Amino acid sequence: MKTRITELLGIRYPIIQGGMQWVGRAELAAAVSNAGGLGILTALTQQTPEALREEIARTRTMTDRPFGVNLTILPAVKPPPYAQYVQAILDGGIRIVETAGNSPRDFIDQFKAQGVKIVHKCTTVRHALSAERNGVDAVSIDGFECAGHPGEDDVPGLVLLPIAARALRIPIIASGGIADGRGMAAALALGAEGVNMGTRFCVTQEAPIHYNIKQALVAASERDTKLMFRTLKNTARVFRNAISEEVVATENRPGGCQFEDIRPLVAGVRGRAALEAGEVNGGVISAGQCIGLIDDVPTCAELIERMVRECREHLDRARGYFDSP
């Protein structure tokens with residue numbers, strides 16, 4: 001396949017693995033890149049910048065293909081040392097960075113000086129336009145269906161993608177709700193030049209997640225996600241389990257809810273432990289509505305080759321609806 005995204009990133013297929021906290025590690029990133037997509041390490045999954053340097057080096061022992069690093073920039077009382085993580089990315093020779101959360105404008109010049117291509121993840125067209133003005137090379141557009149933080153506008157990809165494609169000059173990547181070749185074909189038809197998948201890559205053999213979690217996602221339907229933090233204006237879409245049900249119930253109780261009321265339930269270390277131990281009700285597990293499309297646990301290579309084949313078939317089928325000239 002050839003799109004502006006494959007040309008920009010130097011990859012065979014315009015399929016990008018989402019930068020997922022606790023999941024974007026060397027094993028998964030290398031497997032996606034080796035299969036012709038773009039694997040992504042998640043910077044803040046590594047507890048220190050030095051640990052990120054080591055994970056980058058470890059990934060290089062597993063693949064000689066391009067891979068990137070996700071750097072999510074969020075407001076915090078005690079923020080991570082973002083500048084040191086940026087330096088670790090540059091020291092590791094990374095040439096593709098996915099940024100998310102707040103604007104990456106403070107680091108764009110530093111990345112550009114080293115020839116780094118920047119893909120910024122957005123949930124609105126207004127933020128995508130701002131990122132374009134700030135000099136990013138591409139944007140990943142997250143529809144309301146996505147796992148993690150879909151923003152507060154609640155606009156699904158079927159509407160958001162063509163609006164973004166019409167408004168932006170730089171290439172866009174469709175994110176949220178995509179798990180198969182049919183979704184990839186739809187994204188390309190809507191104006192995207194690539195797709196980004198998180199939940200689907202969680203349910204692969206190489207994902208560093210316990211088998212029990214993968215099987216729970218396979219068994220789930222599109223109705224098995226919950227929207228947490230709505231009352232706090234920081235919406236997150238996660239898997240429907242005992243923890244997310246309790247969080248939402250606490251938010252909706254009479255008298256309202258403060259973050260401190262739910263902090264013990266949503267602690268990151270608790271979610272990581274659940275993923276690693278296979279405790280489906282042990283912590284927060286991010287998942288998008290595309291879990292309704294997932295019914296197996298393939299290798300990354302099997303998944304990507306199948307998606308590309310299905311994408312071609314569905315685009316050919318759609319072309320067949322028109323009379324020959």
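Throughout what follows, the structure given in this document is the object of discussion.

Calculation rules
Residues numbered from 1 in each chain as written. Predicted model: local features only at pLDDT ≥ 70, side-chain atom pairs only at ≥ 80, totals over all residues. Heavy atoms only, no water. Helix = DSSP H or I, 4+ residues; strand = E, 2+ residues; numbered from the N terminus. Buried < 20%, exposed > 50% of the residue type's maximum accessible area, 1.4 Å probe, protein only. Contact = heavy atoms within 4.5 Å. Areas by Shrake-Rupley, 256 points an atom, 1.4 Å probe, with all protein chains shown as cover. Lys, Arg positive; Asp, Glu negative; His and termini not counted. Charge placed at Lys NZ, Arg CZ, Asp CG, Glu CD. Salt bridge = Lys/Arg side-chain N within 4 Å of Asp/Glu carboxyl O. 1 Å grid on protein atoms, 1.4 Å probe; cavity = no way out; pocket = protein on both sides within 12 Å on 5 of 7 lines; lining within 4 Å. Points joined across faces, edges and corners; volume = space filled by probe spheres on them. Axes fitted to C-alpha atoms, helices over the stretch in contact; angles between N-to-C directions. Parallel < 35°, antiparallel > 145°, perpendicular 65-115°, else oblique. Left-handed = near helix turned anticlockwise from the far one by under 90°. Phe/Tyr/Trp six-rings, centres within 6.5 Å; stacked < 30°, edge-to-face > 60°. Lys NZ or Arg CZ within 6 Å of the ring centre and 35° of its normal. Pairing = 2+ DSSP bridges. Right-handed = clockwise from strand over helix to strand, strands pointing away.

## Re the overall build of the chain
Then step 1. Check the secondary structure of the chain and you find 14 helices and 10 strands.
Then step 2. Along the first, second and third principal axes, the C-alpha atoms of the chain reach 65 × 45 × 35 Å.
Then step 3. Going through the 325 residues of the chain one by one, you find that 53% of them count as buried.
Then step 4. Contacts spanning at least 24 positions in sequence make up 62% of the contacts within the chain whose residues lie at least 6 apart.
Then step 5. When the accessible surface of the chain is split by element, carbon and sulfur atoms take 51% of a total near 14,500 Å².
Then step 6. Positive and negative charge centroids in the chain, built from 36 and 37 side chains respectively, lie 3 Å apart.

## Concerning the pattern of salt bridges
Then step 1. Inspection of the entire model under this criterion finds 20 salt bridges.
Then step 2. The salt bridge partner of Glu-276 is Arg-25, with a shortest N-O separation of 4.0 Å. Pair noted here: Glu-276 is in helix 13 (residues 268-277) and Arg-25 is in the loop between strand 1 (15-17) and helix 2 (26-34), with a separation of 251 residues, a long-range link.
Then step 3. On the basis of relative accessible area, Arg-25 is assigned to the buried category, the value being 17%.
Then step 4. For the salt bridge of Asp-153 with Arg-126, the shortest nitrogen-to-oxygen distance reads 2.9 Å. Linking Asp-153 in the loop between strand 6 (138-142) and helix 7 (157-167) with Arg-126 in helix 6 (residues 125-134), this pair joins segments that are 27 residues apart in sequence.
Then step 5. With a relative accessible area of 48%, Arg-126 lands in the partly exposed category.

## Remarks on the layout of surface pockets
Taking a probe equal in size to a water molecule and rolling it over the atoms shows the remaining empty space.
Then step 1. What the second largest pocket holds in volume is close to 270 Å³.
Then step 2. Looking at the second largest pocket, it is lined by 16 residues, and the ones nearest its centre are Glu-145, Leu-158, Gly-176, Gly-177 and Ile-178.
Then step 3. Mapped by element, the contributors of at least two residues to the lining of the second largest pocket are helix 7, strand 7 (172-175) and helix 8 (181-189).

## Points about the packing of helix 2 against helix 3 (residues 49-60)
Then step 1. Between helix 2 and helix 3, whose axes approach to 9 Å, the crossing angle comes to 40 degrees. Taken together, the axis directions place helix 2 and helix 3 in an arrangement best described as oblique. Relative to helix 3, helix 2 is oriented so that their crossing is right-handed. Residues Ala-26, Glu-27 and Ala-30 of helix 2 form the contact with helix 3, whose own contacting residues are Glu-55, Arg-58 and Thr-59.

## Here we look at unusual backbone geometry
Then step 1. In this model, Asp-154 sits at a positive phi of 60 degrees, which is unusual for a non-glycine residue.
Then step 2. We note that Phe-229 has phi near 65 degrees; this positive angle belongs to a residue other than glycine.
Then step 3. Tracing the sequence through the fold places Phe-229 in the loop between strand 9 (225-228) and strand 10 (236-239).

## A short note on helix 2
Then step 1. Summarising burial for helix 2: seven of the nine residues are buried, a large majority.
Then step 2. Within helix 2, burial applies to Ala-26, Leu-28, Ala-29, Ala-30, Ala-31, Val-32 and Ser-33.
Then step 3. Elements that come into contact with the buried residues of helix 2 comprise strand 1, strand 2 (39-42), helix 3, strand 3 (67-73), helix 9 (199-202) and helix 14 (300-319).
Then step 4. Downstream of helix 2 by one or two residues, Gly-36 has phi in the positive range, about 105 degrees.

## Side note on the packing of aromatic side chains
Then step 1. The full count for this structure, using the stated rule, is one aromatic pair.
Then step 2. Each ring, one from Phe-229 and one from Phe-259, has its centre 6.3 Å from the other, and the planes form 65 degrees; the classification is edge-to-face. Here Phe-229 is found in the loop between strand 9 and strand 10, whereas its partner Phe-259 is found in helix 12 (residues 259-266), with 30 residues between them in sequence.
Then step 3. Above the face of the Phe-144 ring, Arg-237 is positioned so that its terminal group lies 4.8 Å from the ring centre.

## Considerations on the pairing of strand 7
Then step 1. A two-sided burial pattern is seen for strand 7, the buried positions comprising Ile-172 and Ala-174 on one face and Ile-173 and Ser-175 on the other.
Then step 2. Inspection of the sheet shows strand 6 paired to strand 7 by four bridges, in the parallel sense. Looking across to strand 7, one finds that Asp-142 is bridged to Ser-175.
Then step 3. On the question of chirality, the crossover connecting strand 6 to the parallel strand 7 by way of helix 7 is right-handed.

## Overview of the side chain of Thr-42
Then step 1. With respect to the helices and strands, the residue Thr-42 is situated in strand 2.
Then step 2. Each residue touching Thr-42, except ones within four places of it in the same chain, is listed here: Gly-19, Met-20, Gln-21, Gly-24 and Asn-70.

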